[in-house]
Each structure stands twice: as C-alpha cells, then as structure tokens.
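Each chain is listed here by its residues.
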Amino acid sequence: MTITLDVTESGDRLDRILSQNLADLSRSRIQQLIEHNCVRVNGEPCLSKKLKVQAGDRLSIDIPAATPLDIQPLEMALDILYEDEHLLIVNKPAGLVVHPAPGHYNDTLVNALLAHCGDRLSGIGGVQRPGIVHRLDKDTTGAIVIAKSDRAHQHLQAQIQAKTARREYLGIVYGSPSQPSGTINRPIARHRVDRKKMAIVPEDQGGRSAITHWQVQEALGNHSLVHFRLETGRTHQIRVHSASIGHPIVGDPLYGSGRSLGVNLPGQALHAWKLTLEHPQSGDTIEAIAPLPPHLNKLLQVLKRRR
C-alpha cells in the first residue's frame, strides 16, 4: 500500500511529519520503513529520518503487506471488558493459552482474536503473537490487553516497560505471611534442571530483575487472600516469588503442592484482577476490572467457612 502526503509547513523532521499524519503507525515503525528505503521525498528515496521537509514537498510511503499468518481464526465467545478501535481488554478464562505454541496452534486466544478483529491484527507484534502486548499463563485468569494497531502496540508496551501501566492480581496462598505487606525483589531465570519451571537465580548467573509488591487482603485461617502488584513481568513471576517466601499459590502444579482443598481448580488460584493504563490515542486513564471467576469465588467461600 502506498500513501502520499503533501507537506504544508516547513522545518519539521520527516519521521515526525509522517508520524503525525499516519495514526496507525508508530514513530519507530516509520523509522524502520525509512531505513528500508520505503519512503520517498519528491520521488527520490530518503534514508534519513532527520531530513527537514519543506512546504510543498510530496511524501510517499510504501507500507509492505503484513506477513500472512499461518494460524486460523477460531470463533470463541470473549468476555470483553473494554473495546474501541485502538485496543481490546479481555477477561481470559482458565485453560486458554494466549498465543500459539507446541500443542496449542489452533485453540488459543490469538485464534479467537483473529476471528473477532479480522485483519486488524495482522502483523502487529509479530506473526505468532498479533496484537499481544503482555501474556498470562494458561491457567491464570483475568484482564489482558490487546493492541489493534502498531502505534497502540508500541505505546502499550512502552507503558509496561516504563512501569506506568499498573497490573494487579489477586491470589490465594498457603499460610499466613508474618507481615501484612511487603516487596519481593528476587531475580528470576529459567530453572537449570526443569526447563518447564522458572527459579530464583542471581543476576550474575543470568537472573533478570523481578519485583513484586504484595499485601494481605484477608486472612483465611491457614490460607490468605493476597493482592499482588507487578513492577516487572517475568514468566511465572508471582508464582515463583510467592513460593520463594514460603507461601505458594494454592493449586499451583509447578511451585506448590497442587492440592485444591476440595474445590475443583483448573490450576493456580491466581487472577489478573485489575489493569490500569493510559489510552494510546486519547491519553485517558483506562481501568479494567475482571470479576473473580466462579472457581475462585467458591474456593474463598470454602476457606471462609473453615477458618
């Protein structure tokens, strides 16, 4: 696809002018297109994003077609917490894998999103993860945000990296922490022996910084309902950190006993409860709250009766 623009004001940078006029493309994406000889000024290729354009200049940008996805759309009922033309926030159920992986190629959230959004997601964030800004484990329920444009994707990922997006979880853990709240600052990396697991690993041995803030919401006898807030987003972060302080998530098959206390749990009792972020277009604050799923409500009721 080729887009042509006529410049009406002088003195601004080429990449800034294009970014202001092409709302669906992030500035970094536009800079990549300039570097790959996809932008012409008055018919001549331009390789400098810093070129100062002049009034009367004619800009042409060739946007390559997105790499075709080799995964198929799948009609699936989605619990939508928020949606507009720029992004979508879904309350993910337990058992649903976010993006295609070995053993799950045609039954993931991505497949459902392709059916729901159509071609809008093609190429955003990579062929296998179109629109996916962050992820949730298969059996972790709750709010997850999906970008519908390259610009939204870049903006939302930048918020997560800058720690301005707020991701809050509720989890039921074994035991009662000795303090009402705290922060776990322990680096995480892949387990050296069991490659399905993550582990606490010193940074000088390959661990990556991982910080989780927690606060006890309710004491439940030999268990506790805990509010978690992620500062970083490592794989299995809350599950690994909780287990590392002696309070693994109830029902966690990897880092706990896996026992479900008489309630049929699909996996760990962990829920992405609230997601707060800045809208990539308007700048407004969006707060999406995902209600607890039935199996966690039932578990809470059982524990409250026992305490």
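Our subject is the structure that appears above.
The rules we used
- Every chain is numbered on its own, with residues counted from 1 as its sequence reads.
- In keeping with the model being predicted, local features are shown solely for residues with a pLDDT of at least 70 and side-chain atom pairs are shown and tallied solely at 80 or more, while totals for entire chains, interfaces and linings include all residues.
- Side-chain metrics rest on all non-hydrogen atoms present in the structure, leaving aside hydrogens and water.
- Per the convention used, a helix needs a DSSP run of H or I reaching at least four residues, while a strand needs a run of E reaching at least two, with both numbered from the N terminus.
- Note on classification: 1.4 Å probe, protein chains only; a residue is buried when its accessible area is under 20% of the maximum for its type, exposed when over 50%, partly exposed between these limits.
- Only heavy atoms enter the contact rule, under which two residues are in contact if any of them lie within 4.5 Å.
- To be clear on the numbers: accessible area is Shrake-Rupley with a 1.4 Å probe, and residue cover counts the displayed protein chains and nothing else.
- Paired strands, as defined in this entry, are two strands with at least two bridges between them according to DSSP.
- The salt bridge definition used is simple: a Lys or Arg side-chain nitrogen within 4 Å of an Asp or Glu carboxyl oxygen.
- To define a nonpolar core, start from buried Ala, Val, Leu, Ile, Met, Phe, Trp, Tyr and Cys residues and group those joined through side-chain atoms within 4.5 Å.
- Counted as a polar contact is a pair of N or O atoms within 3.5 Å, where, for protein atoms, one must be capable of donating a hydrogen and the other of accepting one, and residues adjacent in sequence contribute only when both atoms are in side chains.

1. What to know about the overall build of the protein chain
Inference 1: Helix and strand counts for the protein chain come out as 6 helices and 15 strands.
Inference 2: When the 307 residues of the protein chain are sorted by exposure, 48% land in the buried category.
Inference 3: At a minimum sequence separation of 6, the contacts of the protein chain that also span at least 24 residues come to 65%.
Inference 4: About 15,000 Å² of surface is accessible on the protein chain, with carbon and sulfur atoms providing 46% of the total.

2. Thoughts on the sheet that holds strand β2 (residues 39-41)
Inference 1: Reading across the sheet, the 4 strands line up as β1-β4-β2-β3 and stay open at both edges, with antiparallel pairing between neighbours. Sheet topology places β1 (2-6) and β3 (44-45) at the edges, where each strand pairs with a single neighbour.
Inference 2: Taken together, the 3 bridges between β2 and strand β4 (residues 58-62) define a ladder with antiparallel strand orientation. Across the sheet, V39 pairs through a bridge with I61, a residue of β4.

3. Concerning the pattern of salt bridges
Inference 1: Overall, the coordinates contain 10 salt bridges when judged by the stated rule.
Inference 2: Measuring nitrogen to oxygen at the nearest pair gives 2.7 Å for the salt bridge that ties D62 to R40. With a gap of 22 residues between them, D62 in strand β4 and R40 in strand β2 connect regions that are remote in the sequence.
Inference 3: Residue R40 is classed as partly exposed on the basis of its relative accessible area of 26%.
Inference 4: A single salt-bridge network, built from bridges that share partners, covers R135, D137, R239 and D252.

4. Regarding the nonpolar core
Inference 1: Ranked by size, the top nonpolar core spans 43 residues in total, and within it F228 and L299 carry the most contacts.
Inference 2: Residue assignment for this core shows that the elements contributing at least two residues are β6 (87-92), α3 (109-117), β7 (141-147), β8 (166-174), β12 (211-220), β13 (223-230), β14 (270-278) and α6 (294-306).
Inference 3: Of the residues forming this core, the biggest block, 6 residues, is contributed by α3.
Inference 4: Core analysis: the second largest hydrophobic core is formed by 18 residues, L5, V7, L22 and C38 among them.

5. Comments concerning helix α5 (residues 237-244)
Inference 1: α5 sits mainly inside the fold: 6 of its 8 residues count as buried.
Inference 2: For α5, the full list of buried residues reads Q237, I238, R239, V240, H241 and S242.

6. Here we look at the environment of D252
Inference 1: Looking at where D252 falls in the secondary structure, it is placed in the loop between α5 and β14.
Inference 2: Here R239 takes part through its side chain, which lies 2.8 Å from a polar atom of the side chain of D252.

7. Some points on the environment of P187
Inference 1: The topology assignment puts P187 in the loop between β9 (181-185) and β10 (188-190).
Inference 2: Separated by 174 residues in the primary sequence, P187 and R13 have C-alpha atoms spaced 41 Å apart.
Inference 3: Not counting residues up to four positions away in its chain, the partners in contact with P187 are A199, I200, V201, P202, E203, G207, R208, S209 and A210.

8. Observations regarding the pairing of β8
Inference 1: When you tally the buried positions in β8, you get 8 out of 9 residues, the bulk of the element.
Inference 2: Alignment of β8 against β14, held across 6 bridges, turns out to be antiparallel. Looking across to β14, one finds that R166 is bridged to T276.
Inference 3: Bridging between β8 and β13 involves 8 bridges; their strand directions are antiparallel. Looking at the pairing, I172 lines up with L225 of β13.

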